[in-house]
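Here is what each chain is made of, one letter per residue.
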Amino acid sequence: MTASKKRILFVCLGNICRSPAAEGIMRAIAGETLVIDSAGTGRYHIGQLPDNRMRIHARRRGIELTHRCRQVTADDFDNFDLVIGMDASNIANLRRIAPSPEAEEKIHAMAEYFNPSTPWDHVPDPYYEGSEGFELVLDLLSEGCHNLYNQIRKS
């Protein structure tokens, strides 16, 4: 990795489940070697902590989610090298927010970093699901974040 830290922004709809979980997982993997943040395309939960259910499931894995929810802005495309959306809807919203074609090139799907054998092409929203939904999301994000981190380290 180069001397300057890679800057990654994880994005979901409300910034209360998937993206703060990805932020927490990546922090646990990368420590201080990356600049990591998360945000939502919607403005539903600005200033709130992540969903309590996600915080409980993450805590069971040793990950504390203390992020305060915020909304993505056009400035984020200047402040981050990678903007990673959790599903097709997030990607479409990010493309609308991106201020330039160069900014759009920073947008990637989290599923790009899943193992080829993973049957998911997105990170599903666990908000209306039970415990299994939160555990699935944490599994997918752990896999994707490990693969992304390894890819960054090799570049």
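Given the structure is predicted, the values throughout are model-derived calculations rather than measurements.

Criteria and cut-off values
Counting starts from 1 at the beginning of each chain's written sequence and moves along it residue by residue. Given that this is a predicted model, residues contribute local features only at a pLDDT of at least 70 and side-chain atom pairs are listed and counted only at 80 or more, while totals for whole chains, interfaces and linings are drawn from all residues. As a convention, hydrogens and water are excluded, and side-chain values are obtained from all of the structure's heavy atoms. Residues enter a nonpolar core if they are buried and are Ala, Val, Leu, Ile, Met, Phe, Trp, Tyr or Cys, with the set joined through side-chain atoms within 4.5 Å. Burial here depends on accessible area, computed with a 1.4 Å probe over protein chains only, as a share of the maximum for the residue type. Under 20% is buried, over 50% is exposed, and the range in between is partly exposed. Helix numbering and strand numbering both begin at the N terminus, where a helix is a DSSP run of H or I of at least 4 residues and a strand a DSSP run of E of at least 2. A pair of strands counts as paired when DSSP detects no fewer than two bridges linking them. Here the term right-handed applies to a crossover when the path leading from its first strand over the helix to its second strand runs clockwise, the strands being oriented away from the viewer. Every residue pair with non-hydrogen atoms within 4.5 Å of one another is taken to be in contact. Under this scheme, a helix contributes an axis fitted over its contacting stretch, all axes are lines through C-alpha atoms, and angles between N-to-C directions fall in the 0 to 180 degree range. Any carboxyl oxygen of Asp or Glu that lies within 4 Å of a side-chain nitrogen of Lys or Arg is treated as forming a salt bridge with it.

## Quick look at the nonpolar core
Core analysis: the biggest nonpolar cluster contains 34 residues, and Ile8, Phe10, Met26, Met110, Leu141 and Leu148 have the highest contact counts within it. Contributions of two or more residues to this core are made by strand E1 (7–12), helix H1 (18–30), helix H2 (52–60), strand E3 (82–85) and helix H6 (131–154). By size, the runner-up hydrophobic cluster in this structure holds 12 residues, among which are Leu9, Leu94, Ala98 and Ile107.

## Examining the environment of Ala28
Tracing the backbone through its elements, the reader meets Ala28 in helix H1. Classification of Ala28 by relative accessible area gives exposed; the value is 56%. Note: C-alpha distance between Ala28 and Glu64 (36 residues apart in sequence) is 9.3 Å.

## Some details on the pairing of strand E2 (residues 35–40)
Across the 6 residues of E2, 5 count as buried, placing the element largely inside the fold. Where E1 meets E2, 6 bridges bridge the pair, whose relative direction is parallel. Within E2, the position partnered with Val11 by the bridge is Ala39. In this region the chain leaves E1, passes through H1 and returns to the parallel neighbour E2; the handedness of that crossover is right-handed.

## Here's the deal with the side chain of Asp51
With respect to the helices and strands, the residue Asp51 is situated in the loop between E2 and H2. Relative accessible area serves as the criterion here: at 12%, Asp51 is assigned to the buried category. Sequence-distant contacts of Asp51, that is, excluding residues within four places in its chain, are made with Ile16, Cys17, Tyr127 and Phe134.

## A few points about the sheet that holds strand E4 (residues 107–109)
Across the sheet, which stays open at both edges, the 4 strands sit in the order E2-E1-E3-E4 with parallel pairing between neighbours. Each edge of the open sheet is held by one strand with a lone partner, namely E2 and E4. Strand-to-strand twist of the sheet, defined as the mean angle between neighbouring strand axes without regard to direction, takes the value 25 degrees. With 4 bridges connecting them, E1 and E3 associate as parallel partners. Bridge pairing links Phe10 to Ile84 in E3.

## Considering the pattern of salt bridges
Tallied over the full model, the rule gives 11 salt bridges. Of the charged contacts, one joins Asp87 and Arg18 as a salt bridge, the two residues approaching to 2.8 Å between their closest N and O atoms. Taken together, the positions of Asp87 in the loop between E3 and helix H4 (88–97) and Arg18 in helix H1 put the pair 69 residues apart, joining distant regions of the chain. Residue class for Arg18 comes out buried when judged on its relative accessible area of 2%. Salt-bridge contacts for Arg95 lead to Glu104; the nearest nitrogen and oxygen are separated by 3.5 Å. Accessibility expressed as a relative area gives 30% for Glu104, which makes it partly exposed. Several salt bridges converge on common partners, so that one network encompasses Arg18, Asp87 and Asp125.

What is shown is where atoms sit, not what they do.
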